[in-house]
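Residues per chain are reported as follows:
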Amino acid sequence: EFKSLCNETCNLISDGASALDKVVKDFENKEKELKKSQIASYWNSTNFDLFNLEKVFNQKWLNKSVKFEDVTKEIDEIQKKTYADLKTLEAFNDLTGTAKAFYLETLDIGSAINKAKEIQEAKERAEKEAQARAEREHNEQIQAQKRQEFAEVQQQKKDEQFSSMVADALEQKVDADRVEQWTLQFKARRSVLIKLKQYMTQNGIEYVKL
């Protein structure tokens, strides 16, 4: 009977301890929820909208050992650092928007700077490629023009020879260098085009600016 009484008493104590532990945990959870709500209210009161609280929320803030004042100081430092980092990223000029967007996604200024540098290097490579391609296409066009001009000169010589033969046969003058009207489109720097127009005028070449 004594043993049975002891077992029953132990069970009662165990049940009571479990119930008390549940009450304590429920109370602690309510305290944490209340503290989290207070932290969220403080965050909202700062009017900081670059990212939400959950992105930087630290669970240790909910511990009893951490004072609410200390939490607000940490939040102030986080926001202050964010503004300072964004100002630093403005040094990337036209890549500032990209760098800032990447930073706000990762909150890692080192990674944001590296990302901006990678994009800058890629942009420079693309610009060099475009410049090299434009120069290559320009050279190809000039070469094509030279071939065409050479062919025209050869054709002119043939026409002159043919005209001379016809003139000898008919015993009359045949003009091989007849007046023709060509339509061309020139592409060059403005200063060069102005000199080209002057050259054409000096050599009696009529032109119409379209």
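A brief report on the enclosed structure follows. (Residues numbered from 1 in each chain as written. Predicted model: local features only at pLDDT ≥ 70, side-chain atom pairs only at ≥ 80, totals over all residues. Heavy atoms only, no water.)

1. Some points on the overall build of the protein chain
Assigned secondary structure in the protein chain consists of five helices and zero strands. Overall, the protein chain shows an N-to-C arrangement of helices and strands of α-α-α-α-α. Each of the 210 residues in the protein chain was classed as buried or not, and the buried ones make up 14%. Taking all contacts inside the protein chain whose residues are at least 6 apart in sequence as the whole, residues at least 24 apart take part in 42%. (Helix = DSSP H or I, 4+ residues; strand = E, 2+ residues; numbered from the N terminus. Buried < 20%, exposed > 50% of the residue type's maximum accessible area, 1.4 Å probe, protein only. Contact = heavy atoms within 4.5 Å.)

2. Digging into unusual backbone geometry
The backbone of N47 sits at a positive phi, close to 60°, despite the residue not being glycine. With respect to the secondary-structure elements, N47 resides in the loop between α1 (2-45) and α2 (68-89). One non-glycine residue, L107, lies in the positive phi region at around 60°. Tracing the sequence through the fold places L107 in the loop between α3 (96-106) and α4 (109-170).

3. A look at the nonpolar core
Grouped together as the largest cluster of nonpolar side chains are twelve residues: I39, W43, F48, F51, L53, V56, F57, W61, L62, V66, V71 and I75. Listed by contribution, the elements that provide at least two residues to this core are α1 and α2. Those residues in contact with L62 that lie beyond four places of it in its chain are K32, K35, K36, I39 and F57. In terms of nonpolar packing, the next biggest core, distinct from the first, is built from eight residues, L86, F92, Y103 and A116 among them. (Core = buried A, V, L, I, M, F, W, Y, C linked by side-chain atoms within 4.5 Å.)

4. Focus: the layout of surface pockets
By volume, the largest pocket amounts to about 2400 Å³. Lining the largest pocket are 43 residues, and of these L184, Q185, F186, L196 and M200 sit closest to its centre. Where the lining of the largest pocket is concerned, the elements lending two or more residues are α4 and α5 (190-202). A total of 14 residues in the lining of the largest pocket trace back to one element, the largest contributor, which is α4. A per-class count over the lining of the largest pocket returns 19 nonpolar, ten polar and 14 charged. There is about 160 Å³ of room inside the second largest pocket. As for the second largest pocket, its lining consists of E28, E31, K32, K35, Q38, L62, N63, K64, V66, K67 and F68. Here the residues of the lining of the second largest pocket sort into three nonpolar, two polar and six charged. (1 Å grid on protein atoms, 1.4 Å probe; cavity = no way out; pocket = protein on both sides within 12 Å on 5 of 7 lines; lining within 4 Å. Points joined across faces, edges and corners; volume = space filled by probe spheres on them. Nonpolar A, V, L, I, M, F, W, Y, C, P; charged D, E, K, R; others polar.)

5. Focus: a nonpolar patch on the surface
Taken together, W182, L184 and F186 make up a surface patch of nonpolar side chains, about 380 Å² in accessible area. Examined against the element boundaries, L184 turns out to sit in the loop between α4 and α5. By relative accessible area, L184 is classed as exposed at 54%. (Patch = residues over 30% accessible without salt bridge, like charges linked within 9 Å, V, L, I, M, F, W, Y side chains within 5 Å. Areas by Shrake-Rupley, 256 points an atom, 1.4 Å probe, with all protein chains shown as cover. Salt bridge = Lys/Arg side-chain N within 4 Å of Asp/Glu carboxyl O.)

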